[in-house]
Amino acid sequence: EGVDELLRAGVAAATEMAPGEELAVVPSKWLEIWLQGTESEPVGRGPTTVDYSALLLPTLVDVEGREAPPALDPFATWDGRAKVVPVNLLRDTFFKCGSREITLFPGELSTESISLGRLSSGPACRAMQGLMRCTRELVQLAVYLRDGHCAEDPQGGAKTE
């Protein structure tokens, strides 16, 4: 199938998405190469590998030696390493192109486990929100000091001497 036909099918699949349908996380680099039509491996070289390792937090092991499930680095979407697409578009269009085979790396990932809901880590997202809030406050303080307001309280309070 031609790339144009696949893109049309992808647009149709995206517009038919039911409200609340799951979203999937994909590496931006792989998606960009796929959309340009240069991603496919030559025939006979085995399956195409989609590498998620740059998008995941380091694997944590509990005291009993069990590994935590893979978790998305919250900075991955913020800094552009990851994109979010509808699951049906990924599964039915991107991953199912003719007789192609797709493998996900690391190997414990599957098309079900790359959904945004499964990869998202609540504690990691809350930590990132706190970090962003602190960073914003530090930048506000730096701008306030830069502008010569050193003796004034940046929160609008009384001057301090």
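An account of the accompanying structure is given in this report. Every value quoted in this text rests on a predicted model; they were computed, and no experiment measured them.

### Considerations on the nonpolar core
Then comes step 1: Core analysis: the biggest nonpolar cluster contains 23 residues, and Trp-30, Tyr-52, Leu-90, Phe-94, Phe-95 and Ile-114 have the highest contact counts within it.
Then comes step 2: For this core, the secondary-structure elements that each account for two or more residues are strand 1 (23–27), helix 2 (28–35), strand 3 (82–86) and helix 4 (87–94).
Then comes step 3: Here the element with the most residues in this core is helix 4; it accounts for four residues.
Then comes step 4: Leave out the neighbours within four places in its chain, and Ile-114 touches Leu-23, Ala-24, Val-25, Tyr-52, Leu-90, Phe-95, Leu-104, Leu-109 and Leu-119.

### A short note on the packing of aromatic side chains
Then comes step 1: Within the structure shown, the criterion is met by four aromatic pairs.
Then comes step 2: Three or more aromatic residues joined by ring pairs form one cluster here, namely Trp-30, Trp-34, Phe-94 and Phe-95.

### A few points about helix 4
Then comes step 1: Taking burial as the measure, the eight residues of helix 4 include six buried ones, the bulk of the element.
Then comes step 2: When helix 4 is considered as a whole, its buried residues turn out to be Val-87, Asn-88, Leu-89, Leu-90, Thr-93 and Phe-94.

What counts, and at which threshold
- Residues numbered from 1 in each chain as written.
- Predicted model: local features only at pLDDT ≥ 70, side-chain atom pairs only at ≥ 80, totals over all residues.
- Heavy atoms only, no water.
- Core = buried A, V, L, I, M, F, W, Y, C linked by side-chain atoms within 4.5 Å.
- Buried < 20%, exposed > 50% of the residue type's maximum accessible area, 1.4 Å probe, protein only.
- Helix = DSSP H or I, 4+ residues; strand = E, 2+ residues; numbered from the N terminus.
- Contact = heavy atoms within 4.5 Å.
- Phe/Tyr/Trp six-rings, centres within 6.5 Å; stacked < 30°, edge-to-face > 60°.

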